Amino acid sequence: MSEHVYDVVTIGGGPAGMAAALAARKAGAERVLIIERDHELGGILQQCIHNGFGLRRFKTELTGPGYAQRYVDMVGETDIDIWLDTTVLETAAGGTVRCVSPDKGVSIVKAKSVVHSMGCRERTRGAIRTPGSRPAGVFTAGAAQRMVNMEGYLPGREVVIVGSGDIGLIMARRMTLEGAKVKAVFEIMPHSNGLTRNIVQCLDDFGIPLYLSHSVVSVHGNDRVTGITVAKVDEKLQPIAGTEFDLDCDTVLLSVGLIPENELGRGAGVAMDPITSGASVDQFRRTSVPGFFAAGNVLHVHDLVDFVSQEAEIAGRAAALNALGLLPDAGTQKPVHAGPGLRTVVPQLLSAPEAGKLTVRFYFRGSQPLGRAVIQLRADGEVVWDRKLKVVKPSEMIVADIPVSLLYGDGQRLEFSIEPLPESADDEALEEEEA
Amino acid sequence: MAQSISPRTLPAEADVVVIGGGVVGAAILRELTKYRLSAVLIEKAPDVATGTSKANSGILHAGFDAEPGTWKARLNVRGSRLYKDIAEGLGIARREIGSLVVAKTDEQLQELERLLARGAINGVPGLELWSADETIAFEPGVARDVKGALWAPSAAVACPFLATTGFADNAVRNGGKVVTECAINGFVTENGTLKAVETTKGRIATRFAINAAGVHSAQVARLAQDDSFSIRPRKGEYVLLDKSVGHLVRTVLFPTPDKVSKGILVSPTVHGNVFIGPNSFAVDDPEDHETTRDGLAAIIAGARQIVPDVPVQAAITEFSGLRADGGKDFILAPSPALGGLFHAAGIQSPGLTAAPAIAEAVVEMLADAGLRLQANAKFIPENPRRAHFSELEPHEQAALIAADPLNGRVICRCETVTEAEIVAAIHAPCGARTVDGVKRRVRAGSGRCQGGFCGPRVTAILARELGIPITEVRKDSSESYLFYPRAETIGEESAYV
Amino acid sequence: MSRVTQPIQCIGCPIGCGGDVVLEDGKVVDMHGFNCDVGQAYAAEEVIAPKRMVTTTVRLKGGALALLPVVSAKPIPKGRIFDCVNALRAVEVAAPIKAGDVILADALGVGVDIVAARSVAAA
């Protein structure tokens, strides 16, 4: 058993962990460590071989491994320590990280700051309670993606995809390009959760039908999947009797949502936001446990890795300041509420402002798809800030920088909300906001 | 390495052949290895514990349900006591958490009194009738309209997979043989007595065979022109909840039973999850393992009768099992049609509890029929203790990793299962051969991500340890292959290797 | 003279305008439903000569990975996606590989290189 001392440790070497570590080092933390359970850095990006990453962060379109490579190279140019093939078993209050690996055995790391950047996991068949048998051939889309793109095996030949999130759509194309027949994508909601671009380029390009408001009501097969039964659902998402039909297939890929992988956070006693399933954090991505920060998909599930990197930089920098004793005390925190039309807002708390900072960046997720809309901040009921939006999609995060002066006024209750705008809204004003 | 694994080929002869690798067959095989004789268990699936033994409530019942004088009454109480002594040594996870039968009407309260009286006759220790207040004080999540409950402190929860593999491993350790993927085709007889068993892996000469084929046991009997009983598979569906809600209840909660079953219960599992279920309905197909929408809805409704706040959103998986319903009592008897064939059939609840006692009863029957029992002086009643990495102190973990670095690689994060534990499960005397086989032994993939992360890794470890390609690794049953090779070319005319 | 109307779904931004492009003798003569320059340019290209980026894997030896992810340096004609992926199926490369290394030059003669998406060190 060995003991080590670091200023900042990031748990997880995916995009969040790498960006946080880099930002921590840049902000003055002397000893920074990334702990990663896989054999290399990059996290889930390494299996996302499709393009579409990095347009905001690097102003160029990269693949997942390409995006990871940029960060791996940046980390490689620093003196940040990297422990691979290492699993963290516990991150205890006070900054004690207990981890194991085959070559180092049990290590105890004393860290002044810990950044939780463990990412997320996929919701499973059990979580959506799909009836039927339990044969081979039911995979989460991400597990299938790893087998196809990294291990080189085909999870099936006649495939049905459940859920039209981006991973499901991407896998529809990927399986097609691997020689499988993708028969359909079924989405229980009346709208897709995926990007339009992915619907066009992953489904339409290959003639793969997307069934909205449809749910798999049973999986069949004893050894291997032999087929499924599908039904239309009503507005309460309940199957409509008489609309069932059968479809033969040998594989069902599930793309039914992501959940922050937060066991370590819970173990450390970090206060959680029940909606995001991630920690409740302030503008520094500081959690309720002193010295613990969170960033990336473990904090809330993002749609763009670019935002993960951005957020992790906030957390990494704050972790460094904390280690150096320079992070302002949390003081009396103001909660920030997600009001009507919004599902999530991060950060959920405002601590005392940092000197010299003019804005605080917020990330939002709408609760339902809307056309023109306005997002507003109310302080004690009075609108102090607003921005018009051309469109609201729950699958696409909204980002806004809010002036500190508006957040730290006299208003005690801060609430963001989204309201639909009539179609006749002033086009010119809208253009201006977008610019 | 593969040589150390129990044989895949069928021996030419044995003193006793056990047909079926469920918990009953495995317990019988182990019981036989206490004597100097050769015993072989044949199982049609790639692993043991793949039928009723893999999908049941995992409860070691106290024994007040069964009608006095029946096999069930006698063997339940006996089995419950036996587990108390042997579970730990065999590596069978078991927690004696007691059970409560909850009454919500005056009629049900009367039924509890009947159960109490019955339990006394059956020899169940420690039964008590509790008031509503006592029940709620002990189990705060229980429905507020509870009127009283029957407390049975000797009830326990246990892992049914580890019970089966624990018996099977120990049997193999003591000279028994388990031959998997070996299905019975028929019996070779001479003048109405058994001479050999015909299987998909050839013929094995034997004087004694035990039919422990679960839901298939009537079909096995028919192979001997024995139609003395029939089996009606009765399905029970379950919902398993995440460990994060494991504190929901502290004991096994039954509703007051009706005529058909013990009803839908809410219970902790031995591993710290909570399950709700099972319902109960007859099915025709003994391979029908589909869960149904209506069934799951009924389970949830039933569970809410006892614990109104069951957090269904914490569900991590649903599954169903088939009870081998052969009538009111277990069928433990010589076949009336074929000398040397014995049935251990119709083993439904409390079959898991009774299994080691059934094994004693069956071996006694064989002795009565002329099987010579000489004690096996070399019999070792325990399995080697297997460390559960996650439960150890850091310095113990460090020592384990120093001894074998694979102890330091966590494959299943949800349940903290190391590569060394998975490798050990594969190389156990009756080792895992499938992804689900690994899961049942060491719980890799049984947590909240249900193998989403570790599934591909467990597949790769199985392939490596068994010396087979990834494409030959199976999920559970014989043809449940998981992955295909990459297509050579794709497009309009896809061609596969 | 042939006049056809083709529906096109814009992918330029989250709004996802759907519109129609009118073609006469293979030339765009009219379009409606696209509310910005980017959308109009996309629709015009999509209807005449749609292009796509291609990403897939090639076999890799001598590295810690079995497969190397690769990506087209620029979009290729949409109709050639399958041909391109098939051509790459036959390719095997050896580690070490550096991100950006050309794996297949001028794939299918369409003037686009296929390059390594990441680096892989020799094992």
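Residues numbered from 1 in each chain as written. Chains lettered and ligands numbered in written order. Predicted model: local features only at pLDDT ≥ 70, side-chain atom pairs only at ≥ 80, totals over all residues. Heavy atoms only, no water.

1. A word on the overall build of chain B
- Helices and strands together make up the secondary structure of chain B, namely twelve helices and 26 strands.
- For chain B, the C-alpha radius of gyration of 23 Å lies close to 23 Å, the compact-globule estimate for 497 residues.
- Here the C-alpha coordinates of chain B stretch approximately 60 × 60 × 55 Å along the principal axes.
- A total of 497 residues make up chain B; the buried ones form 62% of that total.
- In chain B, the share of contacts with a sequence separation of at least 24, taken over all contacts with a separation of at least 6, comes to 72%. (Helix = DSSP H or I, 4+ residues; strand = E, 2+ residues; numbered from the N terminus. Rg over C-alpha atoms; globule rule 2.2 N^0.38 Å. Buried < 20%, exposed > 50% of the residue type's maximum accessible area, 1.4 Å probe, protein only. Contact = heavy atoms within 4.5 Å.)

2. Some details on the overall build of chain C
- Secondary structure summary: chain C contains two helices and ten strands in total.
- Reading chain C from its N terminus to its C terminus gives the helix and strand order β-β-β-α-β-β-β-β-α-β-β-β.
- Taken over the C-alpha atoms alone, chain C extends approximately 60 × 30 × 15 Å along its principal axes.
- Of all 123 residues assigned to chain C, the portion counted as buried reaches 41%.
- Considering only residue pairs separated by 6 or more positions, chain C has 45% of its internal contacts joining residues 24 or more positions apart.
- In the form shown here, chain C has an accessible surface area of approximately 5900 Å², with 54% of it arising from carbon and sulfur atoms. (Areas by Shrake-Rupley, 256 points an atom, 1.4 Å probe, with all protein chains shown as cover.)

3. Considering helix α2 (residues 64–76) of chain A
Residue and element names in this part refer to chain A.
- Counted at 1.5 Å a residue, the expected span for α2 with its 13 residues is 18 Å, and the 18 Å between its end C-alpha atoms agrees.
- Regarding α2, the residues found buried are G64, P65, G66, Y67, A68, Q69, Y71 and V75.
- Capping the start of α2 is the job of one residue whose side-chain oxygen sits 2.9 Å from the backbone nitrogen of G66: T63. (Expected span 1.5 Å × (residues − 1). Polar contact = N/O pair within 3.5 Å; in protein donor to acceptor, adjacent residues only side chain to side chain.)

4. Let's talk about the domain arrangement of chain B
All names here are of chain B.
- Taken domain by domain, chain B holds domain 1 (2–53 + 161–229 + 328–368), domain 2 (95–155 + 232–325) and domain 3 (389–472).
- Computed over C-alpha atoms only, the centres of domain 1 and domain 2 are separated by 31 Å.
- Across the boundary between the two partners, domain 1 contributes twelve residues, which contact ten residues of domain 2.
- Salt-bridge contacts for K44 lead to E287; the nearest nitrogen and oxygen are separated by 3.8 Å.
- The interface formed by domain 1 and domain 2 includes four residue pairs in polar contact (both at pLDDT 80 or more). (Domains from an automatic or database assignment. Salt bridge = Lys/Arg side-chain N within 4 Å of Asp/Glu carboxyl O.)

5. Regarding helix α9 (residues 394–403) of chain B
- Taken together, the buried positions of α9 of chain B are Q397, A398 and I401 of chain B. Take α9 of chain B and look down its axis: the buried residues cluster within an arc of 100°, on one side only. Exposed and oriented more than 90 degrees from the buried face of α9 of chain B are H395, A402 and A403 of chain B.
- Taken together, the buried residues of α9 of chain B touch β6 (87–92), β7 (96–101) and β8 (105–116) of chain A. (Arc of directions from axis to C-beta.)

6. Some thoughts on the nonpolar core
- Of all hydrophobic cores here, the largest spans 73 residues; its most connected members are M175 of chain A, I422, V438, A444 and V458 of chain B together with L68 and I103 of chain C.
- For this core, the element with the most residues is helix α5 (residues 166–177) of chain A, which contributes six residues.
- Ignoring any residue separated from it by four or fewer positions in sequence, one finds V458 of chain B in contact with I411, I422, V435, V438 and A444 of chain B.
- Ranked by size, the runner-up nonpolar core spans 50 residues in total, among them V18, F208, A355 and V363 of chain B. (Core = buried A, V, L, I, M, F, W, Y, C linked by side-chain atoms within 4.5 Å.)

7. Observations concerning the interface of chain A and chain B
- Taken together, the contacts link 56 residues of chain A with 50 residues of chain B.
- Approximately 4600 Å² of surface area, both sides summed, lies buried where chain A meets chain B, with 56% of it carried by carbon and sulfur atoms.
- Together, R129, R134 and R157 of chain A form the three largest contributors to the area buried by chain A at its contact with chain B, with a combined 14%.
- Run the count over chain A and chain B and you get four salt bridges.
- Across the pair D85 of chain A and R409 of chain B runs a salt bridge whose closest N-O atoms are separated by 2.6 Å.
- Counting the contacts that link chain A with chain B gives 19 residue pairs in polar contact (both at pLDDT 80 or more).
- In terms of residue class, the side of chain A that touches chain B is made up of 21 nonpolar, 19 polar and 16 charged. (Buried area = accessible area lost by both parts, 1.4 Å probe. Nonpolar A, V, L, I, M, F, W, Y, C, P; charged D, E, K, R; others polar.)

8. Examining the packing of helix α2 (residues 71–90) of chain B against helix α5 (residues 160–173) of chain B
Residue and element names in this part refer to chain B.
- Between α2 and α5, the shortest axis-to-axis distance is 10 Å and the interhelical angle comes to 75°. As far as their axial angle goes, α5 and α2 are roughly perpendicular. Contacts between α2 and α5 involve Y83, I86 and L90 from the former and A163, G166, F167 and N170 from the latter.
- Residues belonging to the contact of α2 with α5 are distributed by class as follows: five nonpolar, two polar and no charged. (Axes fitted to C-alpha atoms, helices over the stretch in contact; angles between N-to-C directions. Parallel < 35°, antiparallel > 145°, perpendicular 65-115°, else oblique.)

9. Structural notes on the interface of chain B and chain C
- Taken together, the contact pairs six residues of chain B with seven residues of chain C.
- The contact between chain B and chain C buries some 580 Å² in all, and 47% of this surface belongs to carbon and sulfur atoms.
- The tally of links from chain B across to chain C stands at zero salt bridges.
- For the pair chain B and chain C, the interface holds two residue pairs in polar contact (both at pLDDT 80 or more).

10. Here's the deal with the pattern of salt bridges
- The tally for this structure, following the rule as stated, stands at 58 salt bridges over all chains.
- The shortest N-O distance in the salt bridge between R413 of chain A and E415 of chain A comes to 3.0 Å.
- When salt bridges with common partners are traced through the structure, they connect D85 of chain A together with R409, E419, R464 and E465 of chain B into a single cluster.

11. As for the sheet that holds strand β29 (residues 398–403) of chain A
Residue and element names in this part refer to chain A.
- Strands sit in the order β24-β26-β29 across an open sheet of three strands; the sheet is antiparallel. The open sheet has two edge strands, β24 (342–346) and β29, and neither has a second partner. Put simply, the sheet's adjacent strands are angled 30° from each other on average, direction ignored.
- Where β24 meets strand β26 (residues 359–366), four bridges bridge the pair, whose relative direction is antiparallel. Counted as the bridge partner of T344 is R365 from β26.
- Across the sheet, helix α8 (residues 305–323) lies against β24, β26 and β29, angled at about 145° from β26, the strand it touches most. (Pairing = 2+ DSSP bridges.)

12. Some words on the domain arrangement of chain C
- Taken domain by domain, chain C consists of domain 1 (3–48) and domain 2 (55–116).
- Here the C-alpha centre of domain 2 of chain C lies 31 Å away from the C-alpha centre of domain 1 of chain C.

13. A short note on the pairing of strand β5 (residues 55–61) of chain C
Residue and element names in this part refer to chain C.
- In terms of residue burial, β5 counts as a mostly covered element, since five of its seven residues are buried.
- One ladder, built from five bridges, connects β5 with strand β6 (residues 67–72); its direction is antiparallel. Residue pairing for β6: T56 is matched across the bridge by V70.
- Linkage of β5 to β6, two consecutive antiparallel strands, is achieved through a turn of five residues, within which G62 is found at a positive phi near 80°.
- Note that β5 and strand β8 (residues 92–94) share three bridges and pair parallel.

14. So, empty space enclosed by the protein
- A complete count under the given rule lists six cavities of 30 Å³ or more for this structure.
- By volume, the largest cavity is sized at about 120 Å³.
- Considering the residues around the largest cavity, the lining is formed by 14 residues, among which R173 and L177 of chain A together with M53, V54 and T55 of chain C are closest to the centre.
- The leading source of residues in the lining of the largest cavity is α5 of chain A, at four residues.
- Grouping the constituent residues of the lining of the largest cavity by class yields seven nonpolar, three polar and four charged. (1 Å grid on protein atoms, 1.4 Å probe; cavity = no way out; pocket = protein on both sides within 12 Å on 5 of 7 lines; lining within 4 Å. Points joined across faces, edges and corners; volume = space filled by probe spheres on them.)

15. Details of the packing of aromatic side chains
- Under the definition given, this model contains 21 aromatic pairs over all chains.
- Considering the side-chain rings of F186 of chain A and Y211 of chain A, the 4.9 Å spacing of their centres and the 25° angle between planes classify their relative orientation as stacked. Of this pair, F186 of chain A sits in strand β13 (residues 181–186) while Y211 of chain A sits in strand β14 (residues 210–211), and the two are 25 residues apart along the sequence.
- These aromatic residues form a ring-pair network of at least three members: F362, F364, W385 and F416 of chain A.
- A cation over a ring is seen here: R31 of chain A above Y6 of chain A, with NZ or CZ 4.4 Å from the ring centre.
- The cationic tip of R457 of chain B hangs over the ring face of F453 of chain B; the distance from NZ or CZ to the ring centre is 3.9 Å. (Phe/Tyr/Trp six-rings, centres within 6.5 Å; stacked < 30°, edge-to-face > 60°. Lys NZ or Arg CZ within 6 Å of the ring centre and 35° of its normal.)

16. A look at the confidence of the model for chain B
Residue and element names in this part refer to chain B.
- Scored by pLDDT, chain B comes out at a mean of 94, with 97% of its residues at no less than 70.
- Low pLDDT, under 50, characterises residues 1–7; the predicted model gives this stretch twelve contacts beyond four residues in sequence or across chains.
- Scored below 50 in pLDDT, residues 493–497 shows 13 contacts in the model against residues more than four places distant or in partner chains. (pLDDT = per-residue confidence, 0-100.)

17. Regarding the sheet that holds strand β4 (residues 94–95) of chain B
Residue and element names in this part refer to chain B.
- What the three strands build is an open sheet, ordered β3-β8-β4; its pairing is antiparallel. Bordering the open sheet on either side are β3 (59–60) and β4, each of which pairs with just one other strand.
- Bridge count for β3 against strand β8 (residues 156–158) is two bridges, and the pairing is antiparallel. Looking across to β8, one finds that I59 is bridged to V157.

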